[in-house]
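Here's the letter readout for the chains.
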Amino acid sequence: MPTRHPSQSYLRTHPWANGLGCYFFCLVALFASVAARAEENSPEPDSPEKYYLYGRSIPEMPILEPPPNPRSTYEQLFRITLPYYNNIFAVPEPLPPFRLDPAKYTEITAYEAPRGLLPVRPPNRLWTFHPFVGVQESYDSNIQQTAQNHIGDFYTTLRAGFDYQLGSPDSIYSEGYDTILALNVREEFWSDTFDRHGEFNALNDQLQIDGRIGRSAAVWRPFVFGDDVTGSNLLLENRVGRIERQHLVTGIRGDYQVTSQITLSQTFSHEYFEHPDDPFIDFETWKVYQEAGYRIFHDFDFFGWSKFLYTDVDKGADGKEYQGGVGWRGKPDPRLASELLMGWDEVHLNQQQANRFNLSTFYLFGHTSFEWSPRLRLVMIYDRNYAFNEIVVNDNYTDNILQFVPEIYLGDNWYVTPYLGIAYDEYETSHHDTLEFRPEIEVAYVTPETSRVFIKLGYDHTAIVKGADTGPVEIYRLSTGIRWKF
């Protein structure tokens, strides 16, 4: 009989022990299997809390914040009001193709809304039509601008007109040229009615038409300007006296972008300047102007320019005029805007003139404005130009004009605009010089749509400082009125 192992005998004699052993063996095997499958890598330093390890378990280097830099009191000019948001490839604000010379003074009975402190954004529409009306009451102490026998009178001016725009306007606010074709028309009529001197009554008309063809690299701008105005001095000899004068200017300007920084521009124009009265001198002028520019800052161009003019005079000598030089235009800083053309001016008359001293030498034209603060804008306008005399045959002259026109914003749409203009004129054949001094001040209430109520007071003093003195010409002017734009 085989010998049994004690354990076998024990398990056979104790069945519950056999079951407990199997259960214990299975439990150990299951635990070993699970432990083998659940085992992971050692704890990573980036997540010690996962393994119940905290800050003291894993050493870390402390993170030290750098000390703040001390604030500098120096601020670059363009950062005082606006950030440097632009770049060298930004599109500049386009210039109108034909501009009435801003160096020529605007009469006291005329007015323009301030453009620098609160510029008016054109509406973002494909066409607009804005009629306007106005009425003014004015006084002029020396209507004929004579040294003696002054004639003064009150007069009423009634105005009406409209502005019409078809297509996107030429403006920095239109985000480029959205339409290839555009048209702008401005028409204004006004009448002057004197209280006691009806012989000075007049009907006046002014029309401006500007077009645009093209966009991006090539834009052509045809233009037409015409007026029939009876007026007086505009800081120029050819505005002395209350005389009816007629202008008709036609032309076209082309602007071309050669590269992102190089531009070319050329203008052809023709002008009639006439008087219904025979004693005065009429002119016909052909003009060719071109410039080549290079963008040196984000909104500032440096350019070379040249101009040729031929003036046909109905009384006296005709003239060929050659001009050329360099200039700049744009905004080197958002608060500073400047335009300057300087160079040489040479005039050749087709007739020899006795005792003529050629004054067509240095040429200067431009303006500079600085936004001192949101309530103060400083403006300087300067001009030196050769002009044909409309009163005395062949006694042409050179204007030297300097104007200071600050704009002061008082708040709540109120503006104060003081003005100081000085004109020094030199004559070629009579060899006399004149000096004109003209201070003025205007107070106006201007709505965001440029409707305005204003009162304007001025004084004008002109004297001959070299040559036969006939006495100074003094004028006091006062004008108040309203212009309402719908």
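Participant: Tell me about the overall build of the protein, residues and numbers included.
Facilitator: The helix and strand tally for the protein stands at two helices and 19 strands. Classification of the 486 residues of the protein by burial places 41% in the buried group. Summed over all atoms, the accessible surface of the protein reaches about 27800 Å², with 62% contributed by carbon and sulfur.

Participant: Can you lay out the pattern of salt bridges for me, pointing to particular residues and giving the numbers?
Facilitator: Applying the stated criterion to the full structure yields 23 salt bridges. Arg295 is the partner of Asp301 in a salt bridge, and the nearest nitrogen-oxygen pair spans 2.8 Å. Looking at Asp301, the relative accessible area reads 17%, which means it is buried. You can call Arg295 buried: its relative accessible area is 6%.

Participant: Could you give an account of the packing of aromatic side chains, naming the residues involved and the relevant values?
Facilitator: The description of an aromatic ring pair uses the distance of the two centres, along with the angle that the planes make with each other. The tally for this structure, following the rule as stated, stands at 18 aromatic pairs. With a centroid separation of 5.1 Å and an interplanar angle of 50°, the aromatic rings of Tyr409 and Tyr415 are classed as tilted. Take Tyr409: its relative accessible area is 15%, and that puts it in the buried class. Residue Tyr415 is classed as buried on the basis of its relative accessible area, which comes to 4%. For the cation-ring pair, Arg159 lies above Trp190, with the distance from its terminal atom to the ring centre recorded as 4.9 Å. A cation sits over an aromatic face here: Arg483 above Phe132, 4.2 Å from the ring centre.

Participant: Give me the lowdown on unusual backbone geometry, citing residues and values where you can.
Facilitator: The general pattern is negative phi for most residues beyond glycine and trans for most peptide bonds. Located in the positive-phi region is Gln145, a residue other than glycine, with phi close to 55°. Of note, Gln145 is situated in the loop between strand E1 (127-140) and strand E2 (153-166). We classify Gln145 as buried; its relative accessible area is 9%. Despite not being glycine, Asn149 has its phi angle at roughly 55°, a positive value. Position of Asn149 among the secondary structure elements: in the loop between E1 and E2. Judged by its relative accessible area of 70%, Asn149 is exposed.

Participant: Describe the pairing of strand E9 (residues 300-313), with residues and values.
Facilitator: As defined by bridge partners, strand E8 (residues 283-297) adjoins E9 across 14 bridges and the pair is classed as antiparallel. When the bridges of E9 are listed, Gln290 appears paired with Ser306. Where E8 hands over to E9, the hairpin turn is made up of two residues, counted between the paired strands.

Participant: Tell me about the environment of Thr156, and please be specific about residues and values.
Facilitator: On the secondary structure map, Thr156 appears in strand E2. By relative accessible area, Thr156 is classed as partly exposed at 24%. Separated by 19 residues in the primary sequence, Thr156 and Glu137 place their C-alpha atoms 4.7 Å from one another. Within the structure, the side chain of Thr156 is placed 2.6 Å from the side chain of Glu137, a separation counted as a polar contact.

Participant: Give me the nonpolar core: which residues, what numbers.
Facilitator: Phe273, Ile281, Phe283, Val313, Ala317, Val347, Leu349, Tyr386 and Phe388 together form the largest nonpolar core, which totals nine residues. Not counting the four nearest positions on each side in its chain, Tyr386 is found in contact with Glu321, Asp345, Val347, Arg356, Ser360, Asn396, Tyr397, Thr398 and Glu428.

Participant: Run through the environment of Tyr476, naming residues and quoting values.
Facilitator: With respect to the helices, strands and loops of the structure, Tyr476 is situated in strand E19 (residues 473-485). With residues near it in sequence (within four places) discarded, Tyr476 still touches Tyr139, Asp140, Ser141, Gly458 and Tyr459.

Quick notes on the rules
Residues numbered from 1 in each chain as written. Predicted model: local features only at pLDDT ≥ 70, side-chain atom pairs only at ≥ 80, totals over all residues. Heavy atoms only, no water. Helix = DSSP H or I, 4+ residues; strand = E, 2+ residues; numbered from the N terminus. Buried < 20%, exposed > 50% of the residue type's maximum accessible area, 1.4 Å probe, protein only. Areas by Shrake-Rupley, 256 points an atom, 1.4 Å probe, with all protein chains shown as cover. Salt bridge = Lys/Arg side-chain N within 4 Å of Asp/Glu carboxyl O. Phe/Tyr/Trp six-rings, centres within 6.5 Å; stacked < 30°, edge-to-face > 60°. Lys NZ or Arg CZ within 6 Å of the ring centre and 35° of its normal. Pairing = 2+ DSSP bridges. Polar contact = N/O pair within 3.5 Å; in protein donor to acceptor, adjacent residues only side chain to side chain. Core = buried A, V, L, I, M, F, W, Y, C linked by side-chain atoms within 4.5 Å. Contact = heavy atoms within 4.5 Å.

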